[in-house]
Amino acid sequence: WSQLAIIFISTFIVIAHTPDEGVYFISAEESGYSIDNLAPPAPGNVYSTMQGSDLLLNWDLSEAEDFLYFTLYRNGELLANLEHAEYLDDSMPYGSQVDYLVTATDENNNTSESSELYSTYVNVPGDVNADYILNIIDLILIVDCVLNSEECGFDEVQITIADIDDSGNIDI
C-alpha cells in the first residue's frame, strides 16, 4: 500500500503595498513545499445482510480522490484491509453480538476517524437452535417456549433470535 512521494519545491516572494504608492515591502525569496496530511472522511452507512450463514457487510464508498484502502475491525481486532466497500464475514461467532468499525486510508497513509460503531447479532432470524437453518425444529422450540413461558429455557440470545419482529415478545 505504499506510494512514491513526489515533493514539489515552490519558491515565492511577498510584495506588500500600502496606501502610499511609494511605500511597499518586498520579501526575500523563500522556498517550501506542501504535504498532504489531511485524512479522508470516515466511512459512513455501515450495514449488513445475512448470506446463508455468512454476514455481508457494506458501507459508503470513499469520496477522497487519493483513497487507497479501507480497514475493517471486528470486536476491536483488525479483520481485513480492503479496496472495495464490502466484506463477506464467514468466520464470525454465531449467536453472539459483534461490533464492526471501518476506517479509510489515503495514498499518504492518512487514516480517517472510525465509522460509527455497527453492532449486530450474528444469526438467522428464528434459528433458535443455531444450526444455520430455519426449519420446523426451530418452530417447535419457539412454540414450546410461548406455551411454557415460565419454563422456556431460552438464553438472551435465543430470545432475541426468536423475537422476529423486534417487538420484545416471542410470538408467532
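Residues numbered from 1 in each chain as written. Predicted model: local features only at pLDDT ≥ 70, side-chain atom pairs only at ≥ 80, totals over all residues. Heavy atoms only, no water.

**Q** I would appreciate a short explanation of the overall build of the protein in the present structure.
**A** The helix and strand tally for the protein stands at two helices and 11 strands. Ordered by position from the N terminus, the helices and strands of the protein form the series β-β-β-β-β-β-β-β-β-β-β-α-α. Expected size for 172 residues packed as a compact globule is a radius of gyration near 16 Å; at 28 Å, the protein overshoots this value by more than 25%. The C-alpha extent of the protein, read off along each of the three principal axes, is 95 × 35 × 20 Å. Residues classed as buried in the protein amount to 31% of the 172 residues present. Residue pairs in contact within the protein that sit at least 24 positions apart in sequence constitute 51% of those at least 6 positions apart. (Helix = DSSP H or I, 4+ residues; strand = E, 2+ residues; numbered from the N terminus. Rg over C-alpha atoms; globule rule 2.2 N^0.38 Å. Buried < 20%, exposed > 50% of the residue type's maximum accessible area, 1.4 Å probe, protein only. Contact = heavy atoms within 4.5 Å.)

**Q** What is the right way to look at the nonpolar core in this model?
**A** Burial of nonpolar side chains together is a common tendency in soluble globular proteins. The biggest cluster of nonpolar side chains holds 21 residues, and the ones touching the most others in it are Leu 57, Trp 59, Phe 70, Leu 72, Tyr 87 and Tyr 100. Only strand S6 (54-58), strand S7 (67-74), strand S8 (77-82) and strand S10 (97-106) provide two or more residues apiece to this core. By residue number, the principal contributor to this core is S10, which donates four residues. Counting residues in hydrophobic clusters, the runner-up holds seven residues, among them Ile 142, Phe 154, Ile 161 and Ala 162. (Core = buried A, V, L, I, M, F, W, Y, C linked by side-chain atoms within 4.5 Å.)

**Q** Before we go on, may I ask you to explain the sheet that holds S6 in this structure?
**A** Note: strands within a sheet are paired through backbone hydrogen bonds, in either parallel or antiparallel orientation. Strand order in this open sheet of three strands is S5-S6-S9, and the pairing throughout is antiparallel. In this open sheet, the two edge strands, each paired with only one partner strand, are strand S5 (47-51) and strand S9 (86-89). Here the strands of the sheet are splayed against their neighbours by 20 degrees on average, with no regard to which way each runs. The pairing of S6 with S9 spans four bridges and is antiparallel. Pairing of Leu 55 across the sheet is with Asp 89, part of S9. (Pairing = 2+ DSSP bridges. Axes fitted to C-alpha atoms, helices over the stretch in contact; angles between N-to-C directions.)

**Q** What is the right way to look at unusual backbone geometry in this model?
**A** Of all residues except glycine, most have a negative phi; of all peptide bonds, most are trans. Even without being a glycine, Asn 45 presents a positive backbone phi close to 55 degrees. Residue placement: Asn 45 occurs in the loop between strand S4 (30-32) and S5. With a phi angle near 50 degrees, Asn 75 is a residue other than glycine that sits in the positive phi range. Along the chain, the position of Asn 75 falls in the loop between S7 and S8. On the basis of relative accessibility, which here comes to 41%, the residue Asn 75 falls in the partly exposed class.

**Q** I tried to follow the pairing of S10 on my own but got confused; where do I start?
**A** Across a regular strand the side chains alternate sides, sitting on one face of the sheet and then on the other. Among the 10 residues that make up S10, seven are buried, leaving the element largely enclosed by the rest of the structure. In this structure, S7 lies alongside S10, joined through seven bridges in antiparallel fashion. Looking at S10, one finds that Tyr 69 is bridged to Thr 105.

**Q** Just checking my understanding: could you explain the pattern of salt bridges for this structure?
**A** Any two side chains of opposite charge can pair if their charged atoms end up close together. This model, assessed by the stated rule, comprises one salt bridge. Of the charged contacts, one joins Asp 89 and Arg 74 as a salt bridge, the two residues approaching to 2.7 Å between their closest N and O atoms. On the criterion of sequence distance, the pair formed by Asp 89 in strand S9 and Arg 74 in strand S7 is long-range, its members being 15 residues apart. As far as burial versus exposure is concerned, Asp 89 and Arg 74 are alike and both buried. (Salt bridge = Lys/Arg side-chain N within 4 Å of Asp/Glu carboxyl O.)

**Q** Would you explain a nonpolar patch on the surface in this entry?
**A** Taken together, the side chains of Ile 136, Ile 137, Leu 139, Ile 140, Leu 141, Val 143, Val 146, Leu 147 and Ile 172 present a nonpolar region at the surface, about 830 Å² in accessible area. With respect to the element layout, Ile 136 can be found in helix H1 (residues 136-147). (Patch = residues over 30% accessible without salt bridge, like charges linked within 9 Å, V, L, I, M, F, W, Y side chains within 5 Å. Areas by Shrake-Rupley, 256 points an atom, 1.4 Å probe, with all protein chains shown as cover.)

In short, the description is geometric, and any link to function would need to be established separately.
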